[in-house]
There are 2 protein chains.
Amino acid sequence: MARIVMKFGGTSVGDIERIKTVARRVKAEVEAGHEVAVVVSAMSGTTNQLVAWCREADLVHDAREYDTVVASGEQVTVGLLAIALQAIGVPARSWLGWQIPFRTDDAHGRARIEGIEGAELLTRMGRGEVPVVAGFQGVSPTGRITTLGRGGSDTSAVALAAALHADRCDIYTDVDGVYTTDPRIVAKARKLDKITFEEMLEMASLGAKVLQTRSVEMAMKHGVRVQVRSTFSDAPGTLVVDEDEIMEQKLVSGIAYSRDEAKITLVRVPDHPGIAAHVFGPLAQAGVNVDMIVQNVSEDGRATDLTFTVGKADMERALAVLDGARAQIGCERVDADPNVAKVSAIGVGMRSHAGIASQMFDALARKGINIMVISTSEIKISVLVAEEYTELAVRALHAEYGLDAA
Amino acid sequence: MARIVMKFGGTSVGDIERIKTVARRVKAEVEAGHEVAVVVSAMSGTTNQLVAWCREADLVHDAREYDTVVASGEQVTVGLLAIALQAIGVPARSWLGWQIPFRTDDAHGRARIEGIEGAELLTRMGRGEVPVVAGFQGVSPTGRITTLGRGGSDTSAVALAAALHADRCDIYTDVDGVYTTDPRIVAKARKLDKITFEEMLEMASLGAKVLQTRSVEMAMKHGVRVQVRSTFSDAPGTLVVDEDEIMEQKLVSGIAYSRDEAKITLVRVPDHPGIAAHVFGPLAQAGVNVDMIVQNVSEDGRATDLTFTVGKADMERALAVLDGARAQIGCERVDADPNVAKVSAIGVGMRSHAGIASQMFDALARKGINIMVISTSEIKISVLVAEEYTELAVRALHAEYGLDAA
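Rules and cut-offs
Residues numbered from 1 in each chain as written. Chains lettered and ligands numbered in written order. Predicted model: local features only at pLDDT ≥ 70, side-chain atom pairs only at ≥ 80, totals over all residues. Heavy atoms only, no water. UniProt positions renumbered as here; feature names shortened; annotations may be inferred. Helix = DSSP H or I, 4+ residues; strand = E, 2+ residues; numbered from the N terminus. Rg over C-alpha atoms; globule rule 2.2 N^0.38 Å. Contact = heavy atoms within 4.5 Å. Lys, Arg positive; Asp, Glu negative; His and termini not counted. Charge placed at Lys NZ, Arg CZ, Asp CG, Glu CD. Buried area = accessible area lost by both parts, 1.4 Å probe. Salt bridge = Lys/Arg side-chain N within 4 Å of Asp/Glu carboxyl O. Nonpolar A, V, L, I, M, F, W, Y, C, P; charged D, E, K, R; others polar. Pairing = 2+ DSSP bridges. Axes fitted to C-alpha atoms, helices over the stretch in contact; angles between N-to-C directions. Least-squares fit on C-alpha atoms with pLDDT ≥ 70 in both. Buried < 20%, exposed > 50% of the residue type's maximum accessible area, 1.4 Å probe, protein only. Domains from an automatic or database assignment. Parallel < 35°, antiparallel > 145°, perpendicular 65-115°, else oblique. Phe/Tyr/Trp six-rings, centres within 6.5 Å; stacked < 30°, edge-to-face > 60°. Lys NZ or Arg CZ within 6 Å of the ring centre and 35° of its normal. Expected span 1.5 Å × (residues − 1).

- As recorded in an unreviewed UniProt entry, chain A goes by Aspartokinase and comes from Tistrella arctica.
- UniProt annotates chain A under Sequence similarities (unreviewed entry) with the comment "Belongs to the aspartokinase family."

Dropping the structure here:
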């Protein structure tokens, strides 16, 4: 017997038939003798509609009212799933954020979880009742409804699993696990049985859309074993676990990519201390996240080129900010290129092995792919390449690191 | 300066443009110096969709979960209206049933209001803030969301007006007031400036669809002055008030009709004591409401005919119940006729004037309309006629009692 939190996303509860399918999945776990709590998102499409209405009512709107409106989506699905469970003989009741309570701070629209009262839920689970918990939502210290921000339902599920000391948090989604890379690009991509929290975190932040970064951080912090699996198949998914649970660690576990990048180059920036502050200070103030940064060695000791990446959606804003700071920066020219992609190799095995990076550069060079910027961390190497090379680079690296399925 | 509760129904908040129109109406009252609280329904159509989903999930479903699902509709509109108000410079915030709290019993799906905490709302209204309150919903003693049943938003508004000691409760709807009769039938129908609670109550329960019966009862009990008026025009509506506020009372204030009737006749029922219990006992147990009842004088002292009306939707069920009780009742035959209508004249002036009833029978007789059943109360006379005579009867009575517009 285990204690399990099962989380179902918007497509899994997209209509009543699917909600009934979810109910049957939950029933199977209950009949296997497990204690089960369920977390659900809003029906797919609902949240977008609610957000659109808020914008239509006023482009700049009160985040507290936004949360009240948007949280209604999960209110609908918890009630419907509780009904569907009862209909097939599973005792169940819905729980809204304020009823648990699922306490957060008052940062509406992107609230942080502060604590979850699990005692009542545990008592009921012990009696065989299934709590159906609204994902994405909580309640502020002043009793207003809060939401955790996009993808927050994964975070809700992991936080609930931590509060209930669950043995596992199963995230049901429309893919059947975490792959070595995007199967739409590499036919030979393989589903991983296990992956470490750290690798999953890198994958999530580097473009793999399976789990929200924040939910992985939460799982890592609280040691919650997470399983990513499909709502629509019975196949086991991918377990996200502590490193020591994985006996034989590959050097590279996966290849991620993101087309959501833009490259900006400041040409002939004066090469003196403090210039970086003049560039990145105003960008940070404008809320532009800067990712990879590279500065060439200056040839003449007077001026150099400074290149960095920002999110594609932020490029125009970044250019406007830089234009305003032009006088202080004193560069010759600003070049921008939205047609770039970031390709990354990820693996905790890199920590103890040298040569992974040079192997990457060699492999890309053999395919004639020019590397624009490089950035590395303990467990990942990312390169920026021209966007048109994305698929070629991903496939080359997937093969290079021995990830192709036999 | 007055304190006003403004209530807007589903069509008035049916889309964002209409919500903005509502916001402007609220702003006008605020700018006129009034303290204002607003009660809103769900967008038109939303509640029906949510109810349909509950039924699809399970035909017989947990009323607590139903309430959780269905109450989400008002959660959306309060948030959106608060945003729309803020957008035009009116300080506003949304209030859900559990936040006020708006306390009810735990009769889910048809909860009774037990009490409303008005202090916090009053403090904020005193500062110029507009509370936007979710109609139709409350919170049970155990902290579950409850709903008041169909049309409950009118009742919410009146109850809130009572709790806030408001000077007036304005019910905004798609008609501009209460008419002497249905203007679709009688072109010369006139809008009433004022009507008494008692008359409004009779009109509501006799088929006029302007206000929910329950909200009128609540208004009468707490002495809340209610105004029915149009969301889409600035014309003053109809005030529903205490009798003593109306100086010169007409004998008849309005003619109502309902096609939602069916007539059942038990032919040759044994004429002995206790027979009525055998008929109406089983019907009451089956939840069938019986309205008008007439029993002929028995000609031979042994058997008589017993005629009564039920709601059209209940007719088949009533017949099944009577079939089961046939042996005990011992009548010769049961006849049923769904093609009937009830036409009523209503007016508090009747109390002090004789002759209103005979005037009615004369007027109908002159048009050749046969009266099947008669029932009277202190302030109304109702007759059952063949359905095809409905319009003719309504027009005849409207003219007869001097209600036609000049």
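## Let's talk about the overall build of chain A
Here comes step 1: The helix and strand tally for chain A stands at 12 helices and 18 strands.
Here comes step 2: Taken against the 2.2 N^0.38 rule, which gives 22 Å for 406 residues, the C-alpha radius of gyration of chain A at 24 Å falls within 12% of a compact globule.
Here comes step 3: Considering only C-alpha atoms, chain A reaches an extent of 75 × 55 × 30 Å along its principal axes.
Here comes step 4: Considering only residue pairs separated by 6 or more positions, chain A has 75% of its internal contacts joining residues 24 or more positions apart.
Here comes step 5: One way to put it: in chain A the 43 positive side-chain charges average out to a point 3 Å from where the 54 negative ones average out.

## Regarding the interface of chain B and chain A
A common measure of how large an interface is: the accessible area buried when the components associate.
Here comes step 1: Listed as interface residues are 36 residues of chain B and, on the opposing side, 36 residues of chain A.
Here comes step 2: Both faces combined, the contact of chain B with chain A buries some 3100 Å², and carbon together with sulfur accounts for 65% of it.
Here comes step 3: If you look at where chain B meets chain A, you find zero salt bridges.
Here comes step 4: Listing elements by their share of the side of chain B that touches chain A, those giving two or more residues are α1 (16-31), α2 (46-57), α3 (63-70), α4 (72-87) and β3 (92-95) of chain B.
Here comes step 5: No other element matches α4 of chain B, which puts 10 residues into the side of chain B that touches chain A.
Here comes step 6: When grouped by side-chain class, the residues that make up the side of chain B that touches chain A number 20 nonpolar, nine polar and seven charged.

## Here we look at the sheet that holds strand β16 (residues 333-346) of chain B
Residues and elements named next belong to chain B.
Here comes step 1: The sheet built from six strands is open, its strands ordered β14-β15-β13-β16-β18-β17 with antiparallel pairing. Looking at the sheet topology across the chains shown, the edges are occupied by β14 (290-295) and β17 (373-377). On average, each strand axis in the sheet is tilted by 30° relative to the strand beside it, whichever way the strands run.
Here comes step 2: Alignment of strand β13 (residues 254-270) against β16, held across 11 bridges, turns out to be antiparallel. Among the inter-strand pairings, Thr-265 is bridged to a residue of β16, identified as Asp-335.

## Structural notes on the sheet that holds strand β11 (residues 226-230) of chain B
Residues and elements named next belong to chain B.
Here comes step 1: Pairing is mixed across the open sheet formed by eight strands, whose spatial order is β3-β6-β2-β1-β9-β11-β12-β10. The open sheet terminates on both sides in strands that have one partner only, identified here as β3 and β10 (194-196). Taken pair by pair, the neighbouring strands of this sheet meet at an average axis angle of 20°, ignoring direction.
Here comes step 2: With three bridges joining them, β10 and strand β12 (residues 238-241) adopt parallel strand pairing. Looking at the pairing, Thr-196 lines up with Val-241 of β12.
Here comes step 3: Docked against the sheet, α1 engages β1 (3-8), β2 (35-40), β6 (130-134), β9 (168-173) and β11, running at close to 170° with respect to β1.

## A short note on the relation of the copies chain B and chain A
Here comes step 1: The operation relating chain B to chain A is a screw motion whose rotation component is 179°, with 0.0 Å of axial translation and a residual RMSD of 0.1 Å. Here the symmetry operator amounts to a two-fold rotation axis. For chain B, the residue whose C-alpha comes nearest the rotation axis is Ser-72 of chain B, separated from it by 2.5 Å.
Here comes step 2: Taken together, the interface assignments show that 100% of the residues at the interface of chain B recur at the interface of chain A, consistent with an identical surface on both copies.

## Description of the pairing of β6 of chain B
All names here are of chain B.
Here comes step 1: Where burial is concerned, most of β6 is hidden: five out of the five residues are buried.
Here comes step 2: Pairing of β2 with β6, which is carried by three bridges, proceeds in the parallel orientation. Bridging across to β6, Val-40 finds its partner in Ala-134.

## A look at the domain arrangement of chain A
Here comes step 1: Taken domain by domain, chain A consists of domain 1 (3-174) and domain 2 (255-400).
Here comes step 2: For domain 1 of chain A and domain 2 of chain A, the distance between their C-alpha centroids amounts to 38 Å.

## Some details on the pattern of salt bridges
Residue and element names in this part refer to chain A.
Here comes step 1: Inspection of the entire model under this criterion finds 48 salt bridges over all chains.
Here comes step 2: Residue Glu-243 pairs with Arg-351 through a salt bridge whose shortest N-O separation is 2.9 Å. Taken together, the residues span a long stretch of sequence, with Glu-243 in the loop between β12 (238-241) and β13 (254-270) and Arg-351 in the loop between β16 (333-346) and α11 (356-366) at a distance of 108 residues.
Here comes step 3: Using a relative accessible area of 30% as the deciding quantity, one classes Glu-243 as partly exposed.
Here comes step 4: Arg-259 is paired through a salt bridge with Glu-391; the nearest N and O atoms lie 3.0 Å apart. Of this pair, Arg-259 sits in strand β13 while Glu-391 is found in helix α12 (residues 390-400), placing the two residues 132 residues apart along the sequence.
Here comes step 5: For Arg-259, a relative accessible area of 31% puts it in the partly exposed group.
Here comes step 6: Here Glu-391 falls in the partly exposed class, since its relative accessible area comes to 26%.
Here comes step 7: The structure contains a network of salt bridges with shared partners spanning Glu-120, Arg-124 and Glu-129.

## Thoughts on α12 of chain A
All names here are of chain A.
Here comes step 1: Buried residues of α12: Thr-390, Ala-393, Val-394, Ala-396, Leu-397 and His-398, and no others.
Here comes step 2: Where α12 is buried, its residues meet β13, β16, α11 and β18 (380-386).
Here comes step 3: Residue Gly-402 follows α12 closely and has a positive phi angle near 70°.

## As for the side chain of Thr-181 of chain A
Here comes step 1: Inspection of the secondary structure assignment puts Thr-181 of chain A in the loop between β9 (168-173) and β10 (194-196).
Here comes step 2: In this structure, Thr-181 of chain A is in contact with Val-186, Ala-189, Ile-255, Val-394 and His-398 of chain A, ignoring residues within four places of it in sequence.

## With respect to the packing of α3 of chain B against α4 of chain B
Residues and elements named next belong to chain B.
Here comes step 1: The geometry of α3 relative to α4 is characterised by a closest axis approach of 4 Å and an angle of 25° between their N-to-C directions. On the basis of the axis angle, α3 is roughly parallel to α4. In this structure, α3 contributes Thr-68, Val-69 and Val-70 to the contact, and α4 contributes Ser-72, Gly-73 and Glu-74.
Here comes step 2: Looking at side-chain class alone, the contact of α3 with α4 contains two nonpolar, three polar and one charged residues.

## Side note on the environment of Ala-286 of chain A
All names here are of chain A.
Here comes step 1: Here Ala-286 shows up in the loop between α9 (275-285) and β14 (290-295).
Here comes step 2: For the pair Ala-286 and Ala-318, spaced 32 residues apart in the sequence, the C-alpha separation amounts to 8.0 Å.
Here comes step 3: With sequence-adjacent residues up to four places away left out, Ala-286 is seen in contact with Arg-317 and Val-321.

## Some details on the packing of aromatic side chains
All names here are of chain A.
Here comes step 1: Tallied over the entire structure, the rule returns five aromatic pairs over all chains.
Here comes step 2: Ring plane angle 20° and centroid distance 4.5 Å describe the contact between Phe-8 and Tyr-172, whose orientation is recorded as stacked. With a gap of 164 residues between them, Phe-8 in strand β1 (residues 3-8) and Tyr-172 in strand β9 connect regions that are remote in the sequence.
Here comes step 3: Sitting over the face of the ring of Trp-95, Arg-93 holds its NZ or CZ atom 3.6 Å from the ring centroid.

## Examining the packing of helix α4 (residues 72-87) of chain A against α4 of chain B
Here comes step 1: At a minimum axis separation of 9 Å, α4 of chain A and α4 of chain B run at an interaxial angle of 180°. One finds that α4 of chain A runs roughly antiparallel with respect to α4 of chain B. Facing α4 of chain A, whose interface residues are Ser-72, Gln-75 and Val-76 of chain A, α4 of chain B presents Ser-72, Gln-75 and Val-76 of chain B.
Here comes step 2: Its residues assigned to classes, the contact of α4 of chain A with α4 of chain B comprises two nonpolar, four polar and no charged.

## Quick word on α4 of chain B
Here comes step 1: Taking 1.5 Å as the rise per residue, α4 of chain B with 16 residues should run 22 Å; its terminal C-alpha atoms sit 23 Å apart, in good agreement.
Here comes step 2: Looking at the residues trailing α4 of chain B, positive phi occurs at Gly-89 of chain B, about 85°.

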